[in-house]
Amino acid sequence: MIRFLHAADCHLEYRPELGQSANLRERIRIGTQEAFKRLIDLAIQEAVDFIVFPGDLYNSQERSLQILLFLKDQFQRLQDKGIQVYISYGNHDFESSPTQVMNWSPNVHIFDTQVETKTFENIKGERVAISGFSYPTRWVKESQLSEFPTKDADVDWHIGLYHGDLASSEVQDKYAPFTIDEMSQKQYDYWALGHIHKRQSLSIQPAIYYSGSLQARNRKEVGDKGVYLVTLKADAMPQVDFHSTATFQFINHTITILKAESIGELNDQVMQQLEQIGNEHAVNLELILGVAVDADVREVIRSTPHYEQQWLPYLISHLHIKEAIEEKQILLNDALKKHFKDVQHRLNDPHQQREALEELMRSPKVREIVGQEILEQPSFWQASYDASVNLLSQWIDDEQLAEEDSDDKND
Ligand SMILES: [Mn+2]
């Protein structure tokens, strides 16, 4: 039996990205290194035979002294436990001539820019062939699979390390474009892929997996991140288990503000909801502003860059503002136009407003557009009543003007 960890896209050494607050940058910088430590802890705890790193171990081609020393320490921890390390470089950490500036411990094995095969043997004499290659340049435009040998008959298992992207006919392929067919033909027991940061399986048999990144580094990398623990046994399918290494996640969350007459009021509501999520994770926040949110409040919120720190101690990685009613364009929906015209005169009559509005909101079409969830909150009715009436009347007027305009043109 052989057990190993598949850890792609570690991207050690964080470089700040645009649109990230200082707070968030610091969390990512520390998190990236901490996640790597967790990987090493896991390897030791699980007493695996080795770890494979199929590309983008480093974030860039330039390695800093700090990162090299950090890695040397971490690999030494593995060396002390007899755990091997197999590294192939990817498009981020490509090397034209993988000569070593660091005197790594003897357990560290780095793949050349030409496909080569290394062999691992455990105490019982069970043998694994590991084939892979390192990127010599940022882009590798051809599939490298023809260079990979088919499964070695003299070993118990054969593993492939491959940093790349599935071949596509639409975009120009730059990352060693491959097909599942090509990989299947090699008859390997496991393909450890790197490059795509979202973990996924391209095929169960043969086993072809992306382990994804170790720690999310921007708001697009939503959810938990980590590595695969792979177990290879004689005459059995590989067992592939996910283990989290992320120190925090990016999560999507929506907050609806039905009514706010001041920034303070809006702030209280946002903080109250964020409190329920906690500050462990970074929040990609979608803020839906109802029609009863004051215009000045709207303006302040809209003019605040999303990357500025706000609502501390909560970590907001992104702020997307939506107008609850506007965006759904209730009144501009063709199917509704007629109905709105019927109630328009009543909306303008103070004695009939409420009834007219409620009638409008009872329409299944309106409910569908506004959303059942919002409609069921009693506060929606309370809060949005006056503002809705104004807005509805306004929109109906605008609509009519627009129609009149187009009539003129037809003439
Ligand atoms: Mn990567």
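Up top is the structure.
Quantities reported herein were computed from a predicted structural model and do not represent experimental measurements.

Draft legend 1. Looking closely at the environment of Leu166. Counting through the fold element by element, Leu166 comes out in the loop between strand S7 (157–163) and helix H3 (180–185). The class for Leu166 is partly exposed, based on 15 C-beta atoms found within 10 Å. Between the C-alpha atoms of Leu166 and Phe178, which are 12 residues apart in sequence, the distance is 5.0 Å.

Draft legend 2. The sheet that holds strand S10 (residues 208–210), seen in detail. Pairing in this open sheet of 6 strands is mixed, and the strands run S5-S6-S7-S8-S10-S9 from one edge to the other. What marks the edges here is a single partner per strand, and that holds for strand S5 (116–121) and strand S9 (200–203). Between one strand and the next, the sheet's axes are offset by a mean angle of 20 degrees, whatever the strand orientation. Where strand S6 (residues 127–132) meets S7, 4 bridges bridge the pair, whose relative direction is parallel. Residue pairing in the sheet places Ala129 in a bridge with His158 of S7.

Draft legend 3. Fine view of unusual backbone geometry. In the segment running from Gln205 into Pro206, the intervening peptide bond is cis, with an omega of 0 degrees. By secondary structure assignment, the location of Pro206 is in the loop between S9 and S10. Here Leu312 and Pro313 are connected by a cis peptide whose omega angle stands at 5 degrees. With respect to the secondary-structure elements, Pro313 resides in the loop between helix H5 (295–302) and strand S15 (315–323).

Draft legend 4. How the structure looks around the nonpolar core. Ranked by internal contacts, the top residues of the largest apolar core, which has 84 residues, are Ala7, Leu39, Ile51, Val52, Phe53 and Trp191. Counting residues per element, this core draws most heavily on strand S14 (residues 282–293), which supplies 8 residues. Each of domain 1 (2–244) and domain 2 (250–325) contributes no fewer than three residues to this core. The residues contacting Leu39, other than those within four sequence positions of it, are Leu5, Ala7, Leu214, Val227 and Thr245.

Draft legend 5. Expanded view of helix H1 (residues 22–45). Helix length check: H1 (24 residues) gives 34 Å between terminal C-alpha atoms against 34 Å at 1.5 Å per residue, within 8%. Taken together, the buried positions of H1 are occupied by Leu24, Arg27, Ile28, Gly31, Thr32, Gln33, Ala35, Phe36, Arg38, Leu39, Ile40 and Ala43. Its buried side turned inward, H1 meets strand S1 (2–6), strand S2 (50–54), helix H2 (65–80), strand S11 (226–232), S14 and S15. Once H1 finishes, Ala47 follows within two positions and takes phi at roughly 45 degrees, a positive value.

Draft legend 6. Inspection of the environment of Gly160 at higher detail. Checked against the element boundaries, Gly160 lands in strand S7. Along the sequence, Gly160 and Thr117 sit 43 residues apart, while their C-alpha atoms lie 9.0 Å from each other.

Draft legend 7. Spotlight on the pairing of strand S12 (residues 239–244). With 6 bridges joining them, S11 and S12 adopt antiparallel strand pairing. Within the sheet, the bridge partner assigned to Val227 lies in S12 and is His243. Adjacent in sequence and paired antiparallel, S11 and S12 are bridged by 6 residues, among which Asp235 carries a positive phi angle near 55 degrees.

Definitions and cut-offs
- Residues numbered from 1 in each chain as written.
- Predicted model: local features only at pLDDT ≥ 70, side-chain atom pairs only at ≥ 80, totals over all residues.
- Helix = DSSP H or I, 4+ residues; strand = E, 2+ residues; numbered from the N terminus.
- Buried ≥ 20, exposed ≤ 12 C-beta atoms within 10 Å, placed from the backbone.
- Pairing = 2+ DSSP bridges.
- Axes fitted to C-alpha atoms, helices over the stretch in contact; angles between N-to-C directions.
- Core = buried A, V, L, I, M, F, W, Y, C linked by C-beta atoms within 7 Å.
- Domains from an automatic or database assignment.
- Contact = placed C-beta atoms within 7 Å.
- Expected span 1.5 Å × (residues − 1).

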